[in-house]
Amino acid sequence: MRILTAPGVLPPVIVGFLLGSLLCGMGTFRQSPYAFGNSFSEKDYLTGPALRSRLEWHVNVAFVERPFRSAVRSLSDGYQIGVLLDRRVDPDRPITLQLKDVSLKGVLEQLARQGEAELLWVGPVAYLAPVGKAWQALAAAETCEEILRLSAPTLAAEWRRPSPLSWPDFTVPRELLAQLGEEIGWKIIGLERIPHDLWAGAELPPITLFEKLGLLLAQFDLRPIPEPKAREIYLEPLDPALRWRRIYSLSPTQQTTLQSLSRIIPQAEVTVRGNQLAVLGTWSEHERVIQWLSREDDRQPRRPARVPERRYTLRQARGRFESVFKQLSTALGLELQLDYEGLSRAGILPDTPVSFSVENATLEELLRAATDSVGCDYRLEGNVLFVFPKR
C-alpha cells in the first residue's frame, strides 16, 4: 500500500487497523441504510476555504499496482476530501503513480488520468467520471436549480441548504433516488430509466439537493426536471448539446480582458454585471471559460501551504506480531520488510503476541512503541519500513 505523504511530515491519516480500540475522534456509525438531511459525516470532510487550502498542500505520492478505488479512498480518507467515483469508471484498474512535491489538487488530477477518468468539482465533491462525461453532473444540478429558481424561488432556497449524503455497499441506485425524493416529499417519475445496478458504499460531505441529484443521475446520462406544483421530479436524457447558464466571478484584471474571452466563445451568450459573468452555452464553451479564468488566476503566484505534523493516538493495540505490523504499515502507507530469519533467531515469531499504546505520538514514537513491545528495532527509508532484531 502507498499513500500520500508530505515532505518531512506525516500524512493526515489516522492509524485505522483493527487491533483494539482506536481513538480517532470519529462520530458513531449511522443506523439507516441511506443518510440524508441533518445526519453527519464520520469522515468530517472539508468544504469551503478549508478545502481550497488543503488542495494547495504540496505532497508526495507513491502508488504501485493499486486498484483505482483503493487509491482514491486512501486520498479521500487521508486528506478529508469527499470523492465520488462514477459507476462507469473501472474501480479495479491498477494504478502506478509516483509524484513528489505536487499539489494535492494536481495529484487528484493525475490520479484521474491514470484511471482513465476526469476530475470535476461539484461543490466540495471531487467527481471522477469517464472522460467527456463529468460535465453532466454539473449540467444536471445547475439546470435543475435554474428551473426551480424561476418557478419556485422559496423551494429553490430550501434545496440549496447543504447536507451530507451516504449509502452502504450493495445499494440499488433506484432505491437511493426514490428515498431521496421521499425525504423531501417529492416523487421521482421515470425511475425505470435507471438500469438495475449495485453500488459500492460512499459518503459525501454536505452538498445541496441539486448537487445530490446531479451526481446520482448523471451516471445514467439523466437530469432532473422539477415540477413544483405536482411535487414531482421527471427524469430526462442529458442532451450532449445542452446549453445552460452559468455565473462566474471576475477579478478586476479579468474584467479588463473580456474582449479576449468573446473571441474564444463567439457562439455563447455573454452578459456582464459588475464582477459577475453570465454565460449561456454548451459545456465545451463553459470549459473554455473555466480555462480562460484559470490562466488569469495562474498569473498570481501562490505559496504552497504548510502541512502540519500528524500525531497518533492508539489505545490497547493487540494482536500477533506479523499481523500487527502488516496492518500498521498498511494504515501508514508504508511498505513492510520483515527480517524473518533474524527475528526468528531472536525468538520473535509471526504469532508472537504484541500489545502497546500511544497517545498524541509522532510517527517515530508510534513505530518505536510498536517495536519495543516485542524487543525488535526498525529503520524507515522513504516509504519502506524495515523491522529486524535489536543488535
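Participant: How do you make sense of the packing of aromatic side chains when you look at a structure like this?
Facilitator: Here the distance between the centres and the angle between the planes together describe a pair of aromatic rings. Going through the model one piece at a time under the given rule, you end up with 8 aromatic pairs. Between tryptophan 135 and tryptophan 244, the aromatic rings sit 6.0 Å apart at their centres with planes inclined by 20°, giving stacked as the arrangement. Linking tryptophan 135 in helix 4 (residues 135-151) with tryptophan 244 in strand 11 (residues 244-249), this pair joins segments that are 109 residues apart in sequence. Pair check on accessibility: tryptophan 135 and tryptophan 244 agree, each one buried. Between tryptophan 159 and tryptophan 186 the ring centres are 4.9 Å apart and the planes differ by 65°, which places this aromatic pair in the edge-to-face class. Of this pair, tryptophan 159 sits in helix 5 (residues 153-159) while tryptophan 186 sits in the loop between helix 6 (173-184) and strand 7 (187-189), placing them 27 residues apart in sequence. Judged by its relative accessible area of 4%, tryptophan 159 is buried. Members of the aromatic cluster, each reached through a chain of ring pairs, are Trp135, Trp244 and Trp283. We note arginine 54 situated over the ring of tryptophan 57; from NZ or CZ to the ring centre the distance is 4.1 Å. Cation over ring: arginine 379 sits above phenylalanine 386, and NZ or CZ is 4.6 Å from the ring centre.

Participant: I keep staring at the side chain of arginine 54 and nothing clicks. Help me out?
Facilitator: As for its position among the elements, arginine 54 is in helix 1 (residues 48-55). Aspartate 44 provides the closest opposite charge to the buried, salt-bridge-free arginine 54, at an N-O distance of 8.6 Å. From its side chain, arginine 54 meets the backbone oxygen of tyrosine 79 in a polar contact 2.9 Å long. Setting aside its immediate chain neighbours within four residues, arginine 54 contacts Leu46, Tyr79, Gln80, Ile81 and Leu104.

What counts, and where the lines are drawn
- Residues numbered from 1 in each chain as written.
- Predicted model: local features only at pLDDT ≥ 70, side-chain atom pairs only at ≥ 80, totals over all residues.
- Heavy atoms only, no water.
- Phe/Tyr/Trp six-rings, centres within 6.5 Å; stacked < 30°, edge-to-face > 60°.
- Helix = DSSP H or I, 4+ residues; strand = E, 2+ residues; numbered from the N terminus.
- Buried < 20%, exposed > 50% of the residue type's maximum accessible area, 1.4 Å probe, protein only.
- Lys NZ or Arg CZ within 6 Å of the ring centre and 35° of its normal.
- Lys, Arg positive; Asp, Glu negative; His and termini not counted.
- Salt bridge = Lys/Arg side-chain N within 4 Å of Asp/Glu carboxyl O.
- Polar contact = N/O pair within 3.5 Å; in protein donor to acceptor, adjacent residues only side chain to side chain.
- Contact = heavy atoms within 4.5 Å.

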